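# Structural description and commentary
Each chain, written out:
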Amino acid sequence: MRLLVVSNRLPVVTVEEKGQLLFREGAGGLVSGISAYLDSLRGSSLAGPQYRWIGWPGVTVAEPGPQAHVTAALARLRAHPVFLTDRSMDKFYHGFCNKTIWPLFHYFPSYVACEESFYAHYRCVNRIFCDAVAPLVQPDDVVWIHDYHLMLLPQMLREQRPDATIGFFLHIPFPSFEMFRLLPGAWRTEILEGLLGADLIGFHTYDYTQHFLHSVLRVLGHEHTMGRILLPNHLVKVDTFPMGVDFQKFQAAARQQVDRTGAIPDAALKDLKVVLSVDRLDYTKGILNRLQGYELFLEQNPSWQQNVVLVLVVVPSRIGVDQYQEIKRQIDELVGKINGKFGRVDWTPVLYQYRYLPFEPLVSLYARSHVALVTPLRDGMNLVAKEYLASRTDGTGVLIVSEMTGAAKELAEAVLINPNNVGEIAVALRTALEMPESEQMRRNEVMQERLRRYDVVRWADDFLSQLPTLKAEQQRLRSRLLGVPARRRLLDKFRQAPQRTIFLDYDGTLVSFTDHPRQARPSRDLLTLLRTLAQGAGTDVVLVSGRDKATMGDWFGDLDLALVAEHGAWIKRRRDNWRLAQPLNNGWKSSLLPILQTYADRLPGAFLEEKEYSIVWHYRRADLELASTRVKELVDDLVSYTANIDVQVQQGNRIVEVRCGGINKGVAALTFLPKEGAGFVLAIGDDWTDEELFRALPVSACTLLVGNRHTWAKYNLRNHEEVLELLREMSERQLQECGS
Ligand code: GDG
C-alpha cells in the first residue's frame with residue numbers, strides 16, 4: 001500500500017530567500033499529527049516510506065521554470081506541490097475556506113461571507129487538486145484527503161478514478177444542520193456529494209459524525225445504517241476517530257528538559273505558578289475570554305497576585321482576514337490593560353509572545369507550566385490540551401479545557417469550563433492552582449493512559465485499516481450488479497425463448513420517485529417502449545404495482561399489457577377487464593383510517609392515499625428524522641390494532657402500507673405463468689414488496705433489484721435508467737427478430 005496524503009498545505013513551508021529555497025516544518029495540528037504517523041512508517045519494515053504528500057507549497061510560483069525547481073526540491077521530501085495563483089489563493093483560501101466555511105463550521109454565522117466568486121474558486125481549486133492527484137494514483141494506493149479546504153475533491157477524484165481508495169478526514173467541527181443549512185442550497189448539496197465520493201469519512205467526535213449524517217439525510221435524503229450509506233454506485237462509511245498526539249515524543253522531549261530558557265527565561269518565571277496558553281491566532285480559540293477570565297481571577301483573588309503568571313503564546317495566523325487583525329488588536333489591548341492594572345516593577349501578570357515557537361521550547365513550556373488554560377469557543381479537537389498532558393512526565397499539572405472542544409469529550413477528568421462564562425474560567429483557575437498534587441495525579445493518570453494508548457499513530461492506523469474491509473464490502477456489492485456477461489446471457493435467453501413473461505414494478509423501477517404519487521405519470525417515451533416490448537411475438541408484459549386500478553387503467557389501459565394493481569388485489573389480463581384476485585374484505589379500513597389520519601396530522605408533509613383494499617401512509621416529503629420515530633410508533637399501533645384482522649402492515653420506500661391479508665405481488669405473478677415450462681421469466685422491482693415477487697418466481701427466472709441492498713433478486717441494477725436501457729435493448733432485439 002502506498003499512502004497519498006492530500007491537504008491544502010504541504011507539511012513544509014517553502015520560503016524564498018535571496019533566490020534560495022528554504023523549507024521548515026509548518027505549524028498546525030494536522031501537520032504535526034500526520035507527520036508523526038508518517039515517521040512511524042519510516043521506521044517500519046516497509047520497503048522505504050511508502051507515502052507522498054500532495055499540497056500547496058506555501059508560496060506562489062507562477063513560471064514553469066521555478067515550478068519545476070520547486071517540484072524537484074520537494075520530491076526529495078516526498079512532497080508534490082500543487083501550484084495556485086495569488087488570485088485563487090485569495091478567493092479560495094482567504095475567501096471560501098477562511099471567510100465562509102471556517103466561521104460557519106465554528107458557529108460564527110455573523111462572520112460568514114457568502115460570495116459566489118469565493119465558491120467558484122473553491123470549486124476550481126478542488127479541480128486543480130484533482131488534476132494533480134489523479135495521475136499520481138496507482139492501483140492499491142490509498143488517497144487520504146484532509147480537511148475543509150478539499151471537501152469537493154473526493155467526488156471529483158472518484159469520477160476520474162472510480163476504483164480509487166479514498167479516505168477523508170475533517171479536522172474542524174461538522175456543525176449542526178441548522179448551521180450547515182445557512183449555506184446556499186447548491187453549495188451544501190455539492191459539498192455533501194463531494195464528501196460522499198470518499199469510501200470512508202472521519203470526524204473527531206460522535207457529535208460531528210451525527211451532524212454530518214443528519215445533513216446528508218436532510219439535504220440529500222440518504223439514510224444510513226450504523227454510519228453506512230448505500231448509494232446507487234457506492235458504499236460510504238462515516239465514523240468517529242478522535243485524533244491523538246505523539247505521546248512518546250512529548251514524553252521524551254519533556255524528560256530531556258531541553259531548552260528550558262528557549263521560550264521564557266526561567267528567571268522571568270521565578271517561583272511563580274505558571275498558567276500556559278498556546279494557540280494560533282484565531283477568534284475561535286477564545287483567547288479574549290481567557291484573558292478576561294484571568295483578569296477576573298486576579299481581581300477576585302488578590303493573594304494570587306504576584307504569585308502567578310500567564311504565559312500567553314499566540315502564533316500568527318491568517319493575518320489577511322479582517323477578523324484576525326481585529327482579534328489581534330483586542331488581545332494586544334487586553335494584555336496591556338491587565339499588565340497595566342495589576343503589574344508591579346518586579347511582576348508582569350501576562351507574559352505575551354506573538355510568534356511561533358520551535359518544538360523544544362514549546363515542550364519545555366508545557367513541562368514547566370502548572371496549569372494549561374485551553375478555552376476555545378469552538379474547536380474540532382484541540383491538540384494543545386492533549387500535548388500538555390503528554391508532556392507531564394511526573395503526572396502533575398492541571399488542564400482546564402473548554403467543553404466546546406472535541407478534546408473535552410475524551411478528557412472528562414480535566415477541569416471543564418464553558419468559555420462563554422468568564423466567571424467559570426476565574427473559578428477554574430483558582431481550583432486548578434490550589435488543587436492538591438495527589439488529585440492532579442489521580443486525574444491525569446486516567447487521561448494520560450488514554451492518550452498513551454490512543455496516540456496519533458493508532459488514530460491514523462484505525463482510520464486507514466478500515467479501508468480494505470470497506471473495499472471488500474463494496475466489491476461484494478458490486479459483484480451483484482448485472483455485469484456485461486450476465487446481461488449478455490439474459491438477452492440471449494430472451495431472444496431464444498418462444499415464450500417470455502416480463503414482470504415490471506412501476507414506481508422506482510420505470511420512473512423515479514416524486515413528492516406525490518400523482519406526479520409520476522409515465523412519459524410518452526416510456527409508453528412507447530412498453531408498447532413496443534409488449535407487441536413482440538410471445539412476449540407478455542405485466543405491470544405489477546401497488547397503485548390503485550383507476551390510475552393504472554388511466555395510464556396504461558390503452559396498451560396491450562397485463563396489469564396488477566394494489567399489490568395483487570386486482571388483476572387485469574390483456575384485453576380483459578379488472579377482476580379481484582380473490583374475495584377480499586375491506587371492512588377494516590374504516591377503523592384504521594382515523595389512526596392513520598392522526599399520524600398524518602402529527603407529521604407535517606405526511607399524507608394518506610386510500611385505495612380499495614389498502615391504505616398508504618406516505619412520508620416522503622416529511623422531516624425524515626421525525627418520520628422515523630413516527631413510523632415506529634405507527635407500525636407499533638397498527639400491529640396491535642390489527643392483531644385479530646386479516647391485514648398486512650408493510651413498510652416500503654418512505655411509505656407504510658396496510659392491505660388485505662393473503663395478497664402479494666408473488667401470488668399475483670404466479671397466475672400469469674403457465675403450469676408447464678414457464679419459458680423466459682424476468683422480474684424487475686425496487687421495493688420490499690417486490691421481494692415477494694422475486695421469491696415466488698421459479699428459480700430459473702431472472703430477477704433484478706433496482707438499488708443497492710441485500711435482496712432475493714439475483715442481480716442489482718443501479719437505477720431506473722439502467723432498467724429502461726435494458727428494456728430498450730430487449731425491444732430492439734425483438735424488432736431485429738421481426739425484420740430477419
Ligand atoms: C486544527 C483544528 C484540531 C501551536 N503553536 C505552536 C505549535 N503549535 C501546534 C501545537 C498543536 C497544533 O499546533 C495546534 O493544534 P490545535 O489542535 O490546537 O489547532 P489547529 O491548528 O486549529 O488545528 C483543531 C487539529 O486541526 C487537528 O485535527 O485539533 O481543532 O482546528 O500541535 O503544538 N507548535 C510549535 N510552536 C508553536 O508556537 N512548535
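## A few points about the packing of aromatic side chains
By the definition in use, this model includes 34 aromatic pairs. Arranged with centres 4.6 Å apart and planes meeting at 15 degrees, the rings of Trp144 and Phe463 form a pair that is stacked. With Trp144 in strand β6 (residues 141-146) and Phe463 in helix α17 (residues 456-478), the pair connects residues that are 319 residues apart, well separated along the chain. According to the relative accessible area criterion, Trp144 is buried, its value standing at 0%. Judged by its relative accessible area of 0%, Phe463 falls in the buried class. Plain terms: the ring middles of Phe174 and Phe212 are 5.3 Å apart, the flat faces sit at 85 degrees to each other, and that makes the pair edge-to-face. Residue Phe174 is located in the loop between β7 (165-169) and α6 (177-180), and its partner Phe212 is located in helix α8 (residues 206-220); the two are separated by 38 residues in the primary sequence. On the accessibility criterion, Phe212 (0% relative accessible area) is buried. In this structure, Lys249 is placed above the aromatic ring of Phe359, and the distance from its NZ or CZ to the ring centre is 4.6 Å. Over the face of the ring belonging to Trp570 we find Lys549, whose NZ or CZ atom lies 4.3 Å from the ring centre.

## Quick look at α17
End to end, α17 covers 33 Å across 23 residues, agreeing with the expected 33 Å (1.5 Å per residue, within 8%). Within the span of α17, buried status applies to Val456, Trp459, Ala460, Phe463, Leu464, Leu467, Leu470, Lys471, Glu473, Gln474 and Leu477.

## A few points about unusual backbone geometry
Note: most peptide bonds trans; most residues except glycine with negative phi. Notably, Asp147 is not glycine yet its phi reads approximately 80 degrees, a positive angle. Residue placement: Asp147 occurs in the loop between β6 and α5 (153-160). A positive phi angle, near 55 degrees, is found at His567, a position not held by glycine. Within the secondary structure, His567 is located in the loop between β19 (562-565) and β20 (570-572).

## Topic: the domain arrangement of the chain
As far as domains go, the chain holds domain 1 (3-240), domain 2 (247-450), domain 3 (480-582 + 664-739) and domain 4 (589-660). Each of domain 3 and domain 4 has a C-alpha centre, and these two points are 27 Å apart. On the side of domain 4, 16 residues touch domain 3, which itself brings 20 residues to the contact. Surface buried jointly by domain 3 and domain 4 totals about 1400 Å² across both partners, of which 51% is contributed by carbon and sulfur atoms. Of all residues in domain 3, Asp515, Glu566 and His567 bury the most surface against domain 4, accounting for 30% of the area lost on that side. Lys549 serves as the salt-bridge partner of Glu612, at 2.8 Å between the closest nitrogen and oxygen. Applying the counting rule to domain 3 against domain 4 returns nine residue pairs in polar contact (both at pLDDT 80 or more).

## Things to note about the environment of Ala622
Relative to the elements of secondary structure, Ala622 occurs in the loop between β23 (614-618) and α22 (624-641). Ala622 gets classed as buried once you look at its relative accessible area, which sits at 8%. Counting along the chain gives 160 residues from Ala622 to Asp462, while the straight-line C-alpha distance between them is 37 Å. In this structure Ala622 touches Leu603, Pro604, Gly605 and Ala606, once residues within four positions along its chain are discounted.

## Describing the site of the ligand
Inspection of the region around the ligand gives 24 residues, with His171, Leu357, Asp379, Leu383 and Glu387 positioned closest. Lys285 places a polar side-chain atom, nitrogen or oxygen, 3.0 Å from an oxygen atom of the ligand. Protein chains bury 94% of the 720 Å² of accessible surface belonging to the ligand in isolation. Only α1 (29-42), β11 (273-280), α13 (359-368) and α14 (383-390) provide two or more residues apiece to the shell around the ligand. In this structure, the shell around the ligand is formed jointly by two domains, domain 1 (3-240) and domain 2 (247-450), each of which donates at least three residues.

Scoring rules and cut-offs
Residues take numbers from 1 onward in each chain, read along the sequence in its written order. Local features are withheld for residues below a pLDDT of 70 in this predicted model, meaning they are given only at 70 or higher, and side-chain atom pairs are given and counted only at 80 or more; totals for whole chains, interfaces and linings count all residues. Computation of side-chain values: all heavy atoms of the structure, hydrogens and water removed. Each aromatic pair joins two rings of Phe, Tyr and Trp (for Trp, the six-membered one) with centres within 6.5 Å, and gets the label stacked for planes under 30 degrees apart, edge-to-face for over 60, and tilted for any other angle. Strands are runs of DSSP state E lasting at least 2 residues, helices are runs of H or I lasting at least 4, and numbering of each runs from the N terminus. For the exposure calls, accessible area comes from a 1.4 Å probe over protein chains only, and a residue counts as buried if that area is under 20% of its type's maximum, exposed if over 50%, partly exposed in between. Whether a charge sits over a ring comes down to the Lys NZ or Arg CZ being within 6 Å of the ring centre and within 35 degrees of the ring normal. Given the number of residues in a helix, its expected span is that number minus one, multiplied by 1.5 Å. Each domain's limits were defined by an automated method or a database of domain assignments. Residue contacts are defined here by distance: any two heavy atoms, one from each residue, within 4.5 Å place the two residues in contact. Accessible area that two parts lose when put together, with a 1.4 Å probe and added across both, is what the buried area reports. Just to be clear on terms, a salt bridge is a Lys or Arg side-chain nitrogen sitting within 4 Å of an Asp or Glu carboxyl oxygen. What qualifies as a polar contact is a pair of N or O atoms within 3.5 Å, subject to a donor-acceptor requirement within protein and to the restriction that residues adjacent in sequence count only when both atoms come from side chains. One heavy atom within 4 Å of a molecule or strand makes the whole residue count as near it. All accessible-area figures derive from a Shrake-Rupley calculation using a 1.4 Å probe, and residue coverage is judged against the displayed protein chains alone.

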